[in-house]
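Chain and residue survey
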Amino acid sequence: AWELVLKQDYGRIVNIASPFGLYGEQTASHYSAAKGGVISLTYALSKEVKGANVHVNAIAPIAYTKMTEDHLKGSLKDYLHPKYVAPLVGYLAHDSCAENGAIYEVGGGWIAKVRWQNSAVSLPLDHTAEDVAREIQKTHSFTENVDYHRGSENSIRKMLKNARTRSKL
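A brief structural summary. Please read all numbers here as calculations on a predicted model, not as lab measurements.

Below, the discussion takes up unusual backbone geometry. Phi is positive for Asp-9, close to 50 degrees, though the residue is something other than glycine. Position of Asp-9 relative to the elements: it lies in the loop between helix 1 (2–8) and strand 1 (11–16). One non-glycine residue, Phe-142, adopts positive backbone phi at about 55 degrees. With respect to the secondary-structure elements, Phe-142 resides in the loop between helix 6 (129–135) and strand 6 (146–148). Using a relative accessible area of 38% as the deciding quantity, one classes Phe-142 as partly exposed.

Dropping the structure here:
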């Protein structure tokens, strides 16, 4: 199907991930890893088709299904019906949708776009474990040197800039 989508220069792909793929789950590491792979696949494919009329997005639904019925009890069944996920899928699959490379959590009438964020500290190339111990807390607050995910090339540019400006080479 992928070759056909590329050949016709048109397609809307909505991958199904999971909040477990975003955040992990202690009782389902295998499932978390697989769904995390779906998220990475979504990012990678959306970059492969950049400039084409092909959009690749993913949803991480929270819904009452056969798989979740043992975990979601009582009235949650009514609030987390899959029919409350379907409108987002319809939107992402529609011709007019311009989203590409987006990840959404969805369920119960709630929709949240997910983004990766990092908080950095710059160290000299010859830094030590002690330097890291002294500076690492600066990365925990997300108040300084904060950036949002734009791809690994963005991180590589920042690393190289740091290396060039902090290097004694």
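Moving on, we come to the pattern of salt bridges. Under the defined criterion, the tally for this structure stands at four salt bridges. The salt bridge involving Arg-134 is made with Asp-131; its shortest N-O contact spans 3.0 Å. With Arg-134 and Asp-131 both in helix 6 and three residues apart, the pair spans about one turn of that helix. Note on Arg-134: relative accessible area 53%, which makes it exposed. Through salt bridges that share partners, Asp-131, Arg-134, Glu-135 and Lys-138 make up one connected network.

With that out of the way, let us pick up the packing of aromatic side chains. All chains considered together, the criterion is met by one aromatic pair. Residues Phe-20 and Tyr-31 carry aromatic rings whose centres are separated by 6.0 Å and whose planes lie at 90 degrees to one another, so their mutual orientation is edge-to-face. With Phe-20 in helix 2 (residues 19–23) and Tyr-31 in helix 3 (residues 29–48), this pair connects stretches of sequence that are 11 residues apart. Residue classification places Phe-20 among the partly exposed residues on the basis of a relative accessible area of 31%. Residue Tyr-31 is classed as partly exposed on the basis of its relative accessible area, which comes to 24%.

Hydrogen bonding along the main chain pairs the strands of a sheet, whether they run parallel or antiparallel. Taken in spatial order, the four strands make up an open sheet running 1-2-3-4, and their pairing is mixed. For this open sheet the edge positions go to strand 1 and strand 4 (110–114), each flanked by a neighbour on one side alone. The average angle at which neighbouring strand axes cross in this sheet is 25 degrees, direction not considered. Sitting on the sheet, helix 3 is in contact with strand 1, strand 2 (54–61) and strand 3 (103–107), with an inclination near 160 degrees to strand 2.

The buried count for strand 3 comes to five of five residues, which makes it a mostly enclosed element. Across the two faces of strand 3 the burial is the same, with Ile-103, Glu-105 and Gly-107 and Tyr-104 and Val-106 all buried. Relative to strand 3, strand 2 runs parallel, the two being bridged by four bridges. Looking across to strand 3, one finds that Ile-59 is bridged to Tyr-104. Connecting strand 3 to the antiparallel partner strand 4 that follows it, the hairpin turn spans two residues, and Gly-108 within it adopts a positive phi of roughly 60 degrees.

This part is about helix 3. Over its 20 residues, helix 3 runs 28 Å from end to end, which matches the ideal 28 Å to within 8%, given 1.5 Å per residue. Here helix 3 has its buried residues at Ser-32, Lys-35, Gly-36, Val-38, Ile-39, Thr-42, Tyr-43, Leu-45 and Ser-46. Packing partners of the buried residues in helix 3 comprise helix 1, strand 1, helix 2, strand 2 and strand 3.

What follows concerns the environment of His-140. Its place among the elements puts His-140 in the loop between helix 6 and strand 6. Its relative accessible area of 47% is what places His-140 among the partly exposed residues. Taking the C-alpha atoms as reference points, His-140 and His-55, separated by 85 residues in sequence, lie 34 Å from one another.

Calculation criteria
- Residues numbered from 1 in each chain as written.
- Predicted model: local features only at pLDDT ≥ 70, side-chain atom pairs only at ≥ 80, totals over all residues.
- Heavy atoms only, no water.
- Helix = DSSP H or I, 4+ residues; strand = E, 2+ residues; numbered from the N terminus.
- Buried < 20%, exposed > 50% of the residue type's maximum accessible area, 1.4 Å probe, protein only.
- Salt bridge = Lys/Arg side-chain N within 4 Å of Asp/Glu carboxyl O.
- Phe/Tyr/Trp six-rings, centres within 6.5 Å; stacked < 30°, edge-to-face > 60°.
- Pairing = 2+ DSSP bridges.
- Axes fitted to C-alpha atoms, helices over the stretch in contact; angles between N-to-C directions.
- Contact = heavy atoms within 4.5 Å.
- Expected span 1.5 Å × (residues − 1).

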